[in-house]
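For reference, the chains in residue letters:
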Amino acid sequence: MKRINVLLLFLIGMTCLLQAAKVDTLKVYSEKMKREIPVLAVVPDMDEGIRCPVLYLLHGYGDTYTAWSRITDLNALADTYHMMIVCPDGEKSWYLDSPVDPNVQFETFISLELPAYIDKHYPTYAVREGRAITGLSMGGHGAMWNGIHHPGVFGAVGSTSGGVDICRFPNCWQIEKVLGNAYENEEVWKAHSVYHSLDRLLGSRQSVIIDCGYSDFFYKVNQNVHERLRELNVKHDFYVRPGGHNSEYWRTSIQYQVLFFANYFKKALASKK
């Protein structure tokens, strides 16, 4: 009986450790959009005076800022890797600043307003070496887009199952509400596509990770991005595995990506010091 009680206390203690991260549900005001945006912030258990890097984690089309918390255990990831995880709501914006709708200005929010808020209210490393961004599907596009266009904000960027070339899908996912009609605004669409922006990674010194399942309808555009990065001689990690466009795939893929970012933070922040 004594052994059982000791084992029980040990298991309870381990459970407490795994659940030590704090989860804050925020309303962050966007000056550009003149409204509040919901944000989930997972803060690892830390001693006072200790800082942590931040991973910005973006959801897919038709979901919300709580999506990743339903896919995987964000608390465990935050504590295991001593990393703050921030999940903003991106609505159906593709995480872009819309040229046609002033109420959809999510590039500014994701890359400028939100990092400023997080760095002000939490003990973070307020430097590019302390920030990474990734996401799934629409969020994979948004993470790559914002990372590529804001290398001074994000030192590492990623995408899992990302819709990384929106020009291939002119009639899907209401992208026209963000950018206008694809056939009448072809150059606008190209200018807002990750695939057509990859040359911006030249000289950016950013760490890049991309993955996609073989059975995913976004597999081909991810393969195209990989091949284009090889042509540009841009160093990046590219993984393909069996799997489709679903939570089962992302539950596994995010484990690899978070490890990638943890290694990046360790090396980059050590170099910064």
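Above this text you will find the structure in question.
This text gives an overview of the structure that appears in the document. (Residues numbered from 1 in each chain as written. Predicted model: local features only at pLDDT ≥ 70, side-chain atom pairs only at ≥ 80, totals over all residues. Heavy atoms only, no water.)

**Digging into the sheet that holds strand β2 (residues 35-43)**
- Spatially, β1-β2-β4-β3-β5-β6-β7-β8 is the arrangement adopted by the 8 strands of the open sheet, whose pairing is mixed. What marks the edges here is a single partner per strand, and that holds for β1 (22-30) and β8 (237-241). On average, adjacent strands in this sheet sit at an angle of 20° to one another, irrespective of strand direction.
- As paired strands, β2 and strand β4 (residues 84-88) are joined by 4 bridges and run antiparallel to one another. Considered in β4, the bridge of L40 is made with C87.
- Taken strand by strand, helix α8 (residues 219-232) contacts β6 (156-160), β7 (207-213) and β8, and its axis lies near 150° from that of β7.
- Across the sheet, helix α9 (residues 247-272) is in contact with β3 (54-58), β5 (131-135), β6, β7 and β8; its angle to β7 comes to roughly 170°. (Pairing = 2+ DSSP bridges. Helix = DSSP H or I, 4+ residues; strand = E, 2+ residues; numbered from the N terminus. Axes fitted to C-alpha atoms, helices over the stretch in contact; angles between N-to-C directions. Contact = heavy atoms within 4.5 Å.)

**Comments concerning unusual backbone geometry**
- Despite not being glycine, W94 shows a phi value in the positive range, around 60°.
- Locating W94 in the fold gives a position in the loop between β4 and α4 (106-121).
- Judged by its relative accessible area of 2%, W94 is buried.
- Located in the positive-phi region is R205, a residue other than glycine, with phi close to 60°.
- You can see R205 is positioned in the loop between α7 (186-191) and β7.
- On the basis of relative accessible area, R205 is assigned to the exposed category, the value being 65%. (Buried < 20%, exposed > 50% of the residue type's maximum accessible area, 1.4 Å probe, protein only.)

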